[in-house]
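One letter stands for each residue in the lines below.
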Amino acid sequence: MEIVTAPYQPAPSLRSRLLVGFAVFAPVTVLALLPIGLGLERYVVRTDDMAPGIPRGAVVLERAVPVGDLRVGDVVTYVPPASSGVEGNVTHRIVSAHGAHLLTQGDANPQIDPWPVPTTGTTVSRVVWSVPKVGFLYLALVRPGAWGGVALVLLAALAFGVAWSSGRQRSRRDPP
């Protein structure tokens, strides 16, 4: 039986560990902090009402615009009336504007929403940009009791622990 030694595999350098960390955390940081810096609001789309243009799980970035700047075809987010039975925000396209209210409809819905959107406020959130599928990660992190957020934090801690320990082991092996 012959014993073959494996070639020496150097531990990842500090530079490569920093690059990996940057590649993982930069997109999350950009999606979390950049909208705030640009004065944008962000929402996660939880239904397929706007599919395929804005699918479920997309993050929509929005800017509050004056009601007078809204046009038919704009996609807006608003809170429907309590009598609608819909909880939370709704992101739909404006299909008609009639003085003191707007009529909206989801792109995947066959009918116009049965409630008018009042334009009594001074601004409404209009969609500027959407990022598909990122909302699933965002929901896993912020939803109370979500195991996805716990798992992600543990995974990040494990990755940093492995990177840190491999750097310590390398420094012990290298001669001074």
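Residues numbered from 1 in each chain as written. Predicted model: local features only at pLDDT ≥ 70, side-chain atom pairs only at ≥ 80, totals over all residues. Heavy atoms only, no water.

**Quick word on the overall build of the chain**
When you go through the chain residue by residue, the secondary structure sums to three helices and seven strands. The helix and strand sequence of the chain, counted from the amino end, reads α-β-β-β-β-β-β-β-α-α. Summarising the internal contacts of the chain: among those between residues at least 6 apart in sequence, 53% fall at separations of at least 24. In the form shown here, the chain has an accessible surface area of approximately 11900 Å², with 65% of it arising from carbon and sulfur atoms. (Helix = DSSP H or I, 4+ residues; strand = E, 2+ residues; numbered from the N terminus. Contact = heavy atoms within 4.5 Å. Areas by Shrake-Rupley, 256 points an atom, 1.4 Å probe, with all protein chains shown as cover.)

**Some details on the confidence of the model for the chain**
Scored by pLDDT, the chain comes out at a mean of 82, with 84% of its residues at no less than 70. Per-element confidence in the chain is highest for strand β3 (residues 75–78), whose mean pLDDT is 94, and lowest for helix α3 (residues 147–173), whose mean pLDDT is 65. (pLDDT = per-residue confidence, 0-100.)

**Quick notes on the sheet that holds strand β2 (residues 59–66)**
Ordered in space as β1-β2-β7-β3-β4-β5-β6, the seven strands form an open sheet in which the pairing is antiparallel. On the outer flanks of this sheet lie β1 (41–44) and β6 (117–118), each paired with one strand and no other. Bridge analysis of β3 against strand β4 (residues 90–98) gives four bridges, and the strand direction is antiparallel. Opposite T77, over in β4, you have T91 as the bridge partner. (Pairing = 2+ DSSP bridges.)

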